[in-house]
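Here is what each chain is made of, one letter per residue.
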Amino acid sequence: ETSLQALADVYRDDTPNLTLIEEARASPRLDARDGVPAPQYRFMRRVHSRNGEAYCVISIYLDERVFRMAPRRFRRETVIPVLLDLPRVRIAHAWQTLEIGTADVLTARHLGIHVNAPVAEVRRVCQAPDRTVLYLGEVTYRGDYIHLEMDLKP
């Protein structure tokens, strides 16, 4: 268990190179648990890299009203810290899931790995108090960049 603020703090100190691959208006696929769709979303797909090596591909769906509050920052910085910095944005509920999968052709090309190489797929959702989905992030990390450690209480 962690907090959205703790996650933001990790990303706040992380300054990867962000390469925008695609930007458009597009609607995410949401299920009932995710919440209510916003009227319109800004979609961005980008690759994050460090020292010339790509480590994740992320698809971002951001409520267009929120995106307009700080478009330059959303394009140049990791999204979660920017979301939490905006005083008019209130996140009432957030969660993420992690699944192990394999790289498809497009992901493999962007990450410089083999097709079917292991990857970690993270899906992150942030909801407003009225259950509107403000942010949906679908992140695919290279498998060799993932290390999960947790304390087990006796």
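Use the structure listed above.
First things first, this report covers the structure right here in the doc. (Residues numbered from 1 in each chain as written. Predicted model: local features only at pLDDT ≥ 70, side-chain atom pairs only at ≥ 80, totals over all residues. Heavy atoms only, no water.)

## Brief notes about the nonpolar core
When a protein is soluble and globular, its nonpolar side chains tend to lie buried together.
Okay, so step 1: Ranked by internal contacts, the top residues of the largest apolar core, which has 25 residues, are Leu62, Val66, Phe74, Leu83 and Tyr135.
Okay, so step 2: Those elements that provide at least two residues to this core are β3 (53-63), α2 (64-67), α4 (79-85), β5 (118-127) and β6 (133-142).
Okay, so step 3: No other element matches β3, which puts 5 residues into this core.
Okay, so step 4: With 9 residues, the next largest nonpolar core counts Val47, Ala54, Ile113 and Ala117 among its residues. (Core = buried A, V, L, I, M, F, W, Y, C linked by side-chain atoms within 4.5 Å. Buried < 20%, exposed > 50% of the residue type's maximum accessible area, 1.4 Å probe, protein only. Helix = DSSP H or I, 4+ residues; strand = E, 2+ residues; numbered from the N terminus.)

## What to know about the packing of aromatic side chains
Okay, so step 1: All chains considered together, the criterion is met by 3 aromatic pairs.
Okay, so step 2: Their ring planes at 45° and their centres at 4.9 Å tell us that phenylalanine 43 and tyrosine 61 sit as a pair that is tilted. One end of the pair, phenylalanine 43, is in strand β2 (residues 41-50); the other, tyrosine 61, is in strand β3, with 18 residues separating them in the sequence. For the pair phenylalanine 43 and tyrosine 61, one class covers both residues: buried.
Okay, so step 3: Here tyrosine 55 and tyrosine 145 contribute two aromatic rings whose centre-to-centre distance is 5.6 Å and whose plane-to-plane angle is 15°, an arrangement assigned as stacked. Separated by 90 residues along the polypeptide, tyrosine 55 in strand β3 and tyrosine 145 in the segment after β6 bring together distant segments of the chain.
Okay, so step 4: Judged by its relative accessible area of 32%, tyrosine 145 falls in the partly exposed class. (Phe/Tyr/Trp six-rings, centres within 6.5 Å; stacked < 30°, edge-to-face > 60°.)

## Concerning a nonpolar patch on the surface
Okay, so step 1: On the surface, a cluster of nonpolar side chains totalling about 400 Å² of accessible area is made up of Leu148, Met150 and Leu152.
Okay, so step 2: Of note, methionine 150 is situated in the segment after β6. (Patch = residues over 30% accessible without salt bridge, like charges linked within 9 Å, V, L, I, M, F, W, Y side chains within 5 Å. Areas by Shrake-Rupley, 256 points an atom, 1.4 Å probe, with all protein chains shown as cover. Salt bridge = Lys/Arg side-chain N within 4 Å of Asp/Glu carboxyl O.)

## Here we look at the pattern of salt bridges
Okay, so step 1: Evaluation of the coordinates by the stated rule reveals 13 salt bridges.
Okay, so step 2: The shortest N-O distance in the salt bridge between arginine 75 and glutamate 23 comes to 2.7 Å. You can see arginine 75 sitting in helix α3 (residues 71-76) and its partner glutamate 23 sitting in strand β1 (residues 17-25), a full 52 residues away along the chain.
Okay, so step 3: Note that aspartate 85 is salt-bridged to arginine 73, the shortest N-O span being 2.9 Å. Of the two residues, aspartate 85 sits in helix α4 while arginine 73 sits in helix α3, which places them 12 residues apart along the sequence.

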